[in-house]
Amino acid sequence: MAQHKFLGLMRWELEENLSLPLLAFLVASAIIATLINYTFGPPYREYTHLYFSSGTVFLISSLATGAFFARSYAGSIGRGTTKIMLSYPIKRSQLFLSKFTALFLVISAIYLPVFCVHVYVDGLVAFGLMILLSLFGLLLQLMLTCSVAVGISMVTKSEVVSILATVLLLFGLDSVLGMWDILSAQGRLFHLLQYFGNELYDTLPFGGRDTVTANETMLAVLVPIVVFVVLIVGSFVYFTRFMEVD
Amino acid sequence: MSNNTFIVNTDNVSKCFGKNLALNELNLHVPKGITGFVGRNGAGKTTAIGILLGLLKPTSGKATVFGLDSWNDSFKIRCRLGVMHEINAYPGNFSAKRYLEHVARIYGVSKAEERINAQLKDVDLWDAREKPIKTYSAGMIRRLGLAQALISYPELVILDEPTANIDPIGRATFLGIIKRMNKEQGTDFLISTHILSDLEKVCSWLSIIDAGKIVEQAPIDDLAAKYSANTYKIVVSDPQLLVEKLKTAEFMQKVWIENDTIYCQVNDADRFYTEVPKIAGNLKLQLKTFQLMLGTIDEIYAKTAGGN
């Protein structure tokens, strides 16, 4: 029964938030993120090009993900949909988790395949290990963005403020840290590709730069995961135990 | 009445939003039947409902619904409740039918299809059942609100400003459904509103809130008698003759005629009751009507919360 209700809530969430204009916006943003790189030149068949072009993918996917999650969490609190939902026999935990699962599946289902297409068009092997690492890098960025958007939504309860705060925070951080830093989105991808390229294929995709250590790579992966866990668990506890819906 | 006979009880519930005191030791009691919950805008009605539903946590005091704590046992309470909020936040891209299908699934309504169709017909949304909610008028959305609140055969239905934005015919239909549900299925209702004329037609109990506090609550007939202001209505064969005589009576405060009916405000009701038939008899007048005027909800409200 609980599982049936959970799936029902996911369906509700998808039907409510994936009406045609929004779905079209998400898909279009994913396609634009991919195609825009080809205005810079032909396929390079190099990971360095994938790395440099990933900036656009991260930028657009973070924008769309932040907006999508903020709309669903803060937006539904602001509009009063959460108030109506929580007047039905729905546990707060069910509502929070069904929303999150549905939205994350949608975002992943749109961006990860489009990124694969991007990789393929770029002249690289679409399902090679390095590509899976690139996908992992994108997944980490999506996780980070959605957790930040959910966390900010819980605090502000305002859709517009949540979108702006999420985007400014993530892009501000990336801008300050720079594209090679382990804490920035592109820096994370650089560390993944450089470390595993060296370890597995004995090549340095970014040959001109230093090798990266296992610890640095571990840190690059762990930081977004820890931030994700802390923000999502914190938001979950706040939503289920303390949040008042006015 | 003891607190056990009430389905909703709040025991000195206060609620603060920052420095703003929205509820001030609220003692709301709702018995079975149809209860009117009346107060001006900002009096605390919606906050009180939020607390009953477990959406808001009381700053102090305790609220129970069906004897269950409103914050800790909120889920159990909501399984037995139907709610229609004042806000319109139904997903605009859903049709009424699709929306009710989702709600029925959440409540686990058996024979959902049948129930949904019956509800759509009941609230007169059958013809518009496949249209997106965003194309509905304000009245249609209120009717959808009623349909979703009633879909699970709830024991208690809480309606927050149910007849706002509804035309007179729609209001009559709305109130008719409430009366019928109460009579046929024993569904209890708590109706929060500031449209007092609606309540007179359906309510058996009235709770009046002002500035976050209950200022009066009792069966509506008791309140009507209490706030009658000792005004009586007399119909006789020659009202002018009787009025001349009554004007000089000691127990009389004020007397006037409207449409051949005499209205009297008295300061000694017992003497008035015994003397008037005698005076009428002496004047050889036929006493056709002689009764106490009960207070209307408007009068009750004006004398309790309205004057504050």
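Quick caveat: nothing in here was measured; it's all calculated off a predicted structure.

(A) View of the overall build of chain A. Each helix and strand in chain A was counted, giving 9 helices and 0 strands. For chain A, the α and β elements follow one another from N to C terminus as α-α-α-α-α-α-α-α-α. Looking at chain A as a whole, 43% of its 246 residues are labelled buried. Summarising the internal contacts of chain A: among those between residues at least 6 apart in sequence, 75% fall at separations of at least 24.

(B) Representation of the sheet that holds strand 13 (residues 252-258) of chain B within the structure. Residue and element names in this part refer to chain B. Reading across from one edge, 13-14-12-15 is the order of the 4 strands in this open sheet, with antiparallel pairing throughout. The open sheet has two free edges, formed respectively by strand 13 and strand 15 (287-292), since each of these has just one partner strand. Looking at each pair of strands side by side, their axes are set apart by 20° on average, direction ignored. Each of strand 12 (231-236), strand 13 and strand 14 (261-266) touches helix 9 (residues 239-246); the most contacted strand, strand 13, lies at about 165° to it.

(C) Quick look at the sheet that holds strand 9 (residues 188-193) of chain B. All names here are of chain B. Strand order in the open sheet formed by 6 strands is 7-8-9-4-10-11, and the pairing between neighbours is mixed. The open sheet has two edge strands, strand 7 (81-84) and strand 11 (213-219), and neither has a second partner. The average undirected angle you get between the axes of adjacent strands in this sheet is 15°. Relative to strand 9, strand 8 (residues 156-160) runs parallel, the two sharing 5 bridges. Paired with Ile158 across the two strands is Leu190, which belongs to strand 9. Contacts between helix 5 (residues 138-150) and the sheet are confined to strand 7 and strand 8, with strand 7 contributing the most and set at about 170° to the helix.

(D) Structural context of the nonpolar core. Residues Leu52, Ala147, Ile158 and Leu206 of chain B are the most contacted members of the largest nonpolar core, which totals 130 residues. Broken down by element, the residue count for this core peaks at 12 residues, all from helix 3 (residues 47-79) of chain A. Counting 12 residues, the second largest nonpolar core, distinct from the first, contains Val236, Leu242, Phe272 and Ala280 of chain B.

(E) Inspection of the interface of chain A and chain B at higher detail. With 20 residues of chain A at the contact, the number on the chain B side is 20 residues. Mapped onto the side of chain A that touches chain B, the elements with two or more residues apiece are helix 1 (2-17) and helix 4 (81-85) of chain A. If one sorts the elements of the side of chain A that touches chain B by residue count, helix 1 of chain A sits on top with 5 residues. Here the residues of the side of chain A that touches chain B are counted per class, giving 7 nonpolar, 5 polar and 8 charged.

(F) Structural detail: the environment of Ser108 of chain A. Residues and elements named next belong to chain A. Residue placement: Ser108 occurs in helix 5 (residues 92-121). On the basis of neighbour counts, which here come to 17 C-beta atoms within 10 Å, the residue Ser108 falls in the partly exposed class. Distance in space between the C-alpha atoms of Ser108 and Ala165 is 22 Å, their sequence separation being 57 residues. Contact partners of Ser108, with chain neighbours within four places excluded, come to Leu139 and Leu142.

(G) Broad picture of unusual backbone geometry. A positive phi is found at Lys157 of chain A, a non-glycine position, where the angle reads about 55°. Inspection of the secondary structure puts Lys157 of chain A in the loop between helix 6 (129-156) and helix 7 (159-177). With phi around 50°, Lys111 of chain B is a residue other than glycine that occupies positive phi space. Mapped onto the elements, Lys111 of chain B comes out in the loop between helix 3 (96-107) and helix 4 (112-122).

(H) Quick peek at the pairing of strand 14 of chain B. All names here are of chain B. Residues Ile262, Cys264 and Val266 of strand 14 are buried on one face, while the alternating residues Thr261, Tyr263 and Gln265, pointing to the opposite face, are not. Note: strand 12 against strand 14, 4 bridges, orientation antiparallel. Its bridge partner lying in strand 14, Thr231 is registered against Gln265. With 6 bridges joining them, strand 13 and strand 14 adopt antiparallel strand pairing. Of the residues in strand 14, the one forming a bridge with Lys254 is Gln265. What sits between strand 13 and strand 14 in their antiparallel hairpin is a turn of 2 residues, with Asn259 showing a positive phi close to 50°.

(I) Fine view of the pairing of strand 4 (residues 34-38) of chain B. Residues and elements named next belong to chain B. Of all 5 residues making up strand 4, 5 are buried, and the element is well covered by its neighbours. Burial along strand 4 is two-sided: Ile34, Gly36 and Val38 facing one way and Thr35 and Phe37 facing the other are all buried. Across 5 bridges, strand 4 lies against strand 9 in parallel orientation. Bridged to Val38 within strand 9 is Thr193.

(J) Structural detail: the packing of helix 1 of chain A against helix 5 of chain A. Residues and elements named next belong to chain A. Helix 5 packs onto helix 1 with a crossing angle of 55° between their chain directions and a minimal axis gap of 8 Å. By the angle between their directions, the pair helix 1 and helix 5 is classed as oblique. The two elements helix 1 and helix 5 cross, and the hand of that crossing is right-handed. For the pair formed by helix 1 and helix 5, the contact residues are Lys5, Phe6, Leu9, Met10, Glu13 and Leu14 on the first element and Gln94, Leu95, Ser98, Lys99, Thr101, Ala102, Leu103 and Val106 on the second.

(K) Geometry of the environment of Ile234 of chain B. Residue and element names in this part refer to chain B. For Ile234, the position within the fold is in strand 12. Given 22 C-beta atoms within a 10 Å radius, Ile234 is considered buried. Sequence separation between Ile234 and Val276 is 42 residues, and the spatial gap between their C-alpha atoms is 9.5 Å. If we ignore the near neighbours within four places in the chain, the residues touching Ile234 are Leu242, Ile262, Cys264, Val276, Thr289 and Phe290.

(L) Representation of the domain arrangement of chain B within the structure. Segmentation of chain B into domains returns domain 1 (3-223) and domain 2 (230-292). The C-alpha-based centres of domain 1 of chain B and domain 2 of chain B are spaced at 44 Å.

(M) Quick peek at the confidence of the model for chain B. Looking at chain B, pLDDT values average 89 and 97% of them are 70 or higher. Interface confidence for the predicted complex, given as ipTM, is 0.84, next to a pTM of 0.85.

Calculation rules
- Residues numbered from 1 in each chain as written.
- Chains lettered and ligands numbered in written order.
- Predicted model: local features only at pLDDT ≥ 70, side-chain atom pairs only at ≥ 80, totals over all residues.
- Helix = DSSP H or I, 4+ residues; strand = E, 2+ residues; numbered from the N terminus.
- Buried ≥ 20, exposed ≤ 12 C-beta atoms within 10 Å, placed from the backbone.
- Contact = placed C-beta atoms within 7 Å.
- Pairing = 2+ DSSP bridges.
- Axes fitted to C-alpha atoms, helices over the stretch in contact; angles between N-to-C directions.
- Core = buried A, V, L, I, M, F, W, Y, C linked by C-beta atoms within 7 Å.
- Nonpolar A, V, L, I, M, F, W, Y, C, P; charged D, E, K, R; others polar.
- Parallel < 35°, antiparallel > 145°, perpendicular 65-115°, else oblique.
- Left-handed = near helix turned anticlockwise from the far one by under 90°.
- Domains from an automatic or database assignment.
- pLDDT = per-residue confidence, 0-100.

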